[in-house]
Amino acid sequence: MNGFVLRGAVCYNASPTTFDAREDAYVVCHDGVSAGVFDEIPPDYADLPLVDCAGKLICPGLVDLHVHAPQYTFRGTGADLELLDWLNTYTFPEEAKYADLSYAHQAYGYFVEDLARSATTRAAIFGTLHVPATMLLMDKLEATGLKTFVGKVNMNRNSPDYLADGTAADSLAATRAWLDGVEARGYSNTRPIITPRFTPSCDDELMSGLGRLAHERGLNVQSHLSENLSEIAWVKELCPWSSCYGQTYARFGLLGDEGPAGGKAIMAHCNYCSDEEVRLLQAHGTYIAHCPQSNTLISSGMAPIRRYLDLGMNVGLGTDVAGGASLNMFRAVSDAVAVSKLRWRCVDQGLPPLSIQEAFWLATCGGGSFFGRVGSLVAGYEFDALVLDDSGIRTPRHLDAAQRLERFCHLSSEGGRIAHKFVAGCQLF
Ligand code: GUN
Ligand code: FE
């Protein structure tokens, strides 16, 4: 039998409101999949090797549902502007540098090494529009064992000359060449995802071609939706035929779940969705990537995540580096709770704030289901797990396992350490 048993204090969600915390338990990995969490090792698994992490915390791996790899270079700077000026001033000039493969090699090297060491086990990642640099990013990610979706970005309007795909036909041809290159590489961890930057960057012809390409090849889609008020007003001007921003994707089959060959879609932010837009996202099963640090730093807004959860929508968390400064998904959990409390206090007392366990669910199962049965330690889930050493976050008090995980979410950078990481049953470190 192929597998192992992990011992430690175990915390995981079975649902948004069902959080299991055990002080001393065993998690069994069998053929890359969890066989469950037990108080004693079941006789069937008694012969598996034991990885004894007594005293440490074990939890599912975290899923970053929205991050921009090329923006890692300027993370933590440039939060003095709002989205559209931020893109023109900081983001586009930086992304243009990835035309140079030696720059991409160095910058993506840092991003991928840091992501591999982080709490993230799976991620949906934007590259740039450059095909060679995006292939290089995918080669580097593949070697880590992390499971990722990576997108060559499409942008053919309202983009600077130094960072544009040309015509819709040029952009689609480059995307096809990239997809063919990816197929030839035969990756096992790294999958392509169709990535129109956002509606202001892609004309209708390009959107329509990308929708057809996603459908033809059974690919998933990622983009941005209703992040910032000026952006939303601009989309209304660019697409007068649309009754909401979401329609500018839905019309071209880019919100996911369109027939048997259709894939899924992630829309980052959704800070200001109208009722019509919410119904559209519900009808398509679209994933919302909530990025609380980005929404705060570039002053975008506060997404009504409680509303989306009450409606049973698909919601996960993202870092959105470099709108967000930190790649640390524990930080995203902490920020999701904090932003929900401010929203409740300042905007709408009808939407109660998120509990830490609900935010943890978003970061694990919420985003995890985009990748399959991912995000829990319940039997049948792919075995993505972190072993956390919290001994450096010192206190004389006795804390139970749930309190230790809560503290790790808020204080991971103040003495927390990720001791081991497993993805689909493989130990990365
Ligand atoms: N909308 C279009 N492009 C971007 C981007 O790079 N970051 C964020 N946060 N929003 C966007
Ligand atoms: Fe983004």
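Rules used in this analysis
Residues numbered from 1 in each chain as written. Chains lettered and ligands numbered in written order. Predicted model: local features only at pLDDT ≥ 70, side-chain atom pairs only at ≥ 80, totals over all residues. Heavy atoms only, no water. Helix = DSSP H or I, 4+ residues; strand = E, 2+ residues; numbered from the N terminus. Buried < 20%, exposed > 50% of the residue type's maximum accessible area, 1.4 Å probe, protein only. Contact = heavy atoms within 4.5 Å. Areas by Shrake-Rupley, 256 points an atom, 1.4 Å probe, with all protein chains shown as cover. Expected span 1.5 Å × (residues − 1). Bend = angle between axes of the 7 residues up to and from the residue. Donors = N, O, S within 2.8 Å, 3.2 Å for Na, K, Ca; no water. Tetrahedral: all angles 85-135°; square planar, octahedral: opposite > 155°, others 65-115°. Axes fitted to C-alpha atoms, helices over the stretch in contact; angles between N-to-C directions. Parallel < 35°, antiparallel > 145°, perpendicular 65-115°, else oblique. Nonpolar A, V, L, I, M, F, W, Y, C, P; charged D, E, K, R; others polar. Polar contact = N/O pair within 3.5 Å; in protein donor to acceptor, adjacent residues only side chain to side chain. Pairing = 2+ DSSP bridges. Right-handed = clockwise from strand over helix to strand, strands pointing away.

## Topic: the overall build of the protein chain
Then step 1. Regarding its fold elements, the protein chain presents 13 helices and 17 strands.
Then step 2. With respect to the three principal axes, the spread of C-alpha positions in the protein chain is 60 × 50 × 40 Å.
Then step 3. In the protein chain, which comprises 429 residues, the share counted as buried stands at 59%.
Then step 4. Here the analysis covers contacts within the protein chain between residues at least 6 apart in sequence; of these, 74% occur between residues at least 24 apart.
Then step 5. Surface accessibility of the protein chain: about 15,900 Å² in total, with carbon and sulfur atoms responsible for 51%.

## Observations regarding unusual backbone geometry
Leave glycine aside and you will find that most residues have negative phi; peptide bonds, for their part, are mostly trans.
Then step 1. The residue after Val-321, namely Ala-322, is reached through a cis peptide bond having omega 10 degrees.
Then step 2. Tracing the chain through its elements places Ala-322 in the loop between strand 14 (314–317) and helix 11 (329–346).

## Digging into helix 12 (residues 356–368)
Then step 1. Taking 1.5 Å per residue as the helical rise, helix 12 with its 13 residues ought to reach 18 Å, and the 17 Å between its terminal C-alpha atoms agrees with that figure.
Then step 2. Most pronounced at Leu-362, the bend in helix 12 amounts to some 40 degrees.
Then step 3. By the criterion of burial, helix 12 is predominantly enclosed, with 12 of the 13 residues buried.

## Considerations on the coordination of the iron ion (ligand 2)
Then step 1. On the protein side, the iron ion (ligand 2) has His-66 (NE2), His-68 (NE2), His-224 (NE2) and Asp-320 (OD) as donor atoms, found 2.0 to 2.3 Å from it.
Then step 2. Relative to the metal, the 4 donor atoms surrounding the iron ion (ligand 2) lie at angles of 89 to 173 degrees, and the coordination shape comes out irregular.

## Some words on the side chain of Thr-175
Then step 1. Within the secondary structure layout, Thr-175 lies in helix 4 (residues 168–185).
Then step 2. Residues contacting Thr-175, with those up to four places away along its chain left out, are Lys-152, Asn-154, Ile-194, Leu-210 and Leu-213.

## Re the packing of helix 11 against helix 13 (residues 401–411)
Then step 1. Helix 13 packs onto helix 11 with a crossing angle of 100 degrees between their chain directions and a minimal axis gap of 7 Å. Judged by the angle between their axes, helix 11 and helix 13 are roughly perpendicular. Contacts between helix 11 and helix 13 involve Phe-330, Arg-331, Val-333 and Ser-334 on the former and, on the latter, Leu-405, Phe-408, Cys-409 and His-410.
Then step 2. Looking at side-chain class alone, the contact of helix 11 with helix 13 contains 5 nonpolar, 2 polar and 1 charged residues.

## Thoughts on helix 11
Then step 1. Under the 1.5 Å per step criterion, the end-to-end length of helix 11 is 25 Å for 18 residues, consistent within 8% with the ideal 26 Å.
Then step 2. Listed in full, the buried residues belonging to helix 11 are Met-329, Phe-330, Ala-332, Val-333, Ser-334, Asp-335, Ala-336, Val-337, Val-339, Ser-340 and Arg-343.
Then step 3. Its side-chain oxygen placed 2.8 Å from the backbone nitrogen of Phe-330, Asn-328 serves as the N-cap of helix 11.

## Here's the deal with the pairing of strand 2 (residues 18–30)
Then step 1. Summarising the sheet, strand 1 (residues 3–15) and strand 2 pair through 11 bridges and their orientation is antiparallel. Counterpart to Gly-3 in the pairing with strand 2 is His-30.
Then step 2. Count of turn residues in the strand 1/strand 2 antiparallel hairpin: 2 residues.
Then step 3. Judged from the 5 bridges that link them, strand 2 and strand 3 (residues 33–38) form a sheet pairing that is antiparallel. Bridging from a neighbouring strand, His-30 pairs with Val-33 of strand 3.
Then step 4. The loop that links strand 2 with its antiparallel partner strand 3 comprises 2 residues; one of these, Asp-31, has a positive phi angle of about 55 degrees.

## Description of the pairing of strand 13 (residues 287–290)
Then step 1. Here strand 13 shows two buried faces, one formed by Tyr-287 and Ala-289 and the other by Ile-288 and His-290.
Then step 2. Relative to strand 13, strand 12 (residues 265–269) runs parallel, the two sharing 3 bridges. Across the sheet, residue Met-267 finds its bridge partner in strand 13, namely Ile-288.
Then step 3. Once you follow strand 12 into helix 8 (residues 275–284) and on to strand 13, the crossover reads as right-handed.
Then step 4. Direction of pairing for strand 13 relative to strand 14: parallel, over a ladder of 4 bridges. Within strand 14, the position partnered with Tyr-287 by the bridge is Asn-314.

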